[in-house]
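# Observations on the model geometry
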Amino acid sequence: MKKKGKYLKYILVLFPVLFLSSCNMDSLGDDLSSSIEAKLIPNIWAFLVQFIAFIILILIVIKFAYKPVKKYLDKRSELLTSEREEAKNMKEKAQENLLESDKKLAEVRQNATNIINDAKTKALNERENILQNANEEARKIKENAFKSIEEEKLKAKSELKEEIVDVAFSATSKLLEREVNDKDNKKIVDDFIKDLDKKTK
């Protein structure tokens with residue numbers, strides 16, 4: 001609508017110019033009074049020819065110059081608009097990708113921290129288990145060593161008792177120069193063992 005009004009203004013301005021240009025002003029200086037009346041009245045046929053020629057010229061300019069240039073400018077404008085939109089979309093997508101990559105990076109860092117903390121906890125637990133196992137093993141070895149020592153003590157005591165009994169039998173036999181009966185033997189041995197137990201304790 002605005003374009004039509006613009007064209008109409010141009011035509012209204014050019015119409016009087018064309019109208020006045022169709023007047024024959026050649027002999028205006030010869031007889032000014034007679035020429036003013038006769039020569040200032042435009043020649044209708046000349047005006048029509050000029051007007052038609054002007055319209056044809058405008059149509060030719062519009063068809064071969066204005067429309068291609070306008071078409072080119074419209075295409076260029078569309079191209080620039082589409083490129084601007086594409087750039088805007090790419091910028092938004094880049095922003096989204098940046099936010100997503102920041103989020104993933106934060107998740108990866110959190111996962112790495114969790115893995116390190118889990119590894120530390122497992123290592124501490126493993127260390128505690130190893131120490132407990134080592135302490136338990138050392139306690140068992142110690143208990144076994146004490147048991148073995150006690151067994152060796154008892155064995156040595158038993159062997160010592162047997163040797164002492166043998167020595168006592170032979171000594172009593174020599175002292176009494178007779179054979180000791182079982183009752184005497186038992187009494188002597190029991191007394192000797194009780195004595196020995198008291199001394200060793």
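See the structure printed just above.
So, a few notes on the structure that sits alongside this text. (Residues numbered from 1 in each chain as written. Predicted model: local features only at pLDDT ≥ 70, side-chain atom pairs only at ≥ 80, totals over all residues. Heavy atoms only, no water.)

## With respect to the overall build of the protein
Rules: To qualify as a helix, a DSSP run of H or I must reach at least 4 residues; to qualify as a strand, a run of E must reach at least 2; elements of each kind are numbered from the N terminus. Remark: exposure states derive from per-residue accessible area (1.4 Å probe, protein chains only) relative to the maximum for the residue type, with buried under 20%, exposed over 50%, and partly exposed in between. Every residue pair with non-hydrogen atoms within 4.5 Å of one another is taken to be in contact.
Helix and strand counts for the protein come out as four helices and zero strands. Order of helices (α) and strands (β) in the protein, N terminus to C terminus: α-α-α-α. In the protein, which comprises 201 residues, the share counted as buried stands at 7%. Long-range contacts, defined here as pairs at least 24 residues apart, represent 54% of the contacts in the protein between residues at least 6 apart.

## With respect to a negative patch on the surface
Rule in force here: Every patch collects residues that have over 30% relative accessible area and no salt bridge, joining them within 9 Å if they carry like charges and within 5 Å if they are nonpolar side chains (Val, Leu, Ile, Met, Phe, Trp, Tyr). For the area figures, the Shrake-Rupley method with a 1.4 Å probe applies, and any residue is considered shielded solely by the protein chains shown. What counts as a salt bridge is simple: a side-chain nitrogen of Lys or Arg found within 4 Å of a carboxyl oxygen of Asp or Glu. Just so you know, the count uses Lys and Arg for positive and Asp and Glu for negative, and it drops His and the chain ends. A charge is said to be at NZ when it belongs to Lys, at CZ for Arg, at CG for Asp and at CD for Glu.
Together, Glu 151, Glu 152, Glu 159, Glu 162 and Glu 163 give the surface a local cluster of negative charge. With respect to the helices and strands, the residue Glu 163 is situated in helix α3 (residues 44-176).

## Quick notes on the pattern of salt bridges
Taken as a whole and assessed by the stated rule, the structure comprises four salt bridges. Among the ionic pairs, Arg 139 bridges to Glu 136, the shortest N-O distance being 2.3 Å. Separated by three residues within a single helix, Arg 139 and Glu 136 lie in helix α3, roughly one turn from each other. Here Arg 139 falls in the partly exposed class, since its relative accessible area comes to 37%. In this structure Glu 136 comes out as partly exposed when scored by relative accessible area, which is 32%. Within this structure, Glu 136, Arg 139 and Glu 143 form a network of salt bridges that share partners.

## Some details on the packing of aromatic side chains
Formally: Note on aromatic contacts: the rings of Phe and Tyr and the six-membered ring of Trp form a pair at centre separations within 6.5 Å, being stacked when their planes are under 30 degrees apart, edge-to-face when over 60 apart, and tilted otherwise.
Tallied over the full model, the rule gives one aromatic pair. Ring centres 5.9 Å apart and planes at 25° place the aromatic pair Phe 47 and Phe 51 in the stacked group. Taken together, the residues Phe 47 and Phe 51, both in helix α3 and four residues apart, mark about one turn of the helix. Note on Phe 47: relative accessible area 8%, which makes it buried.

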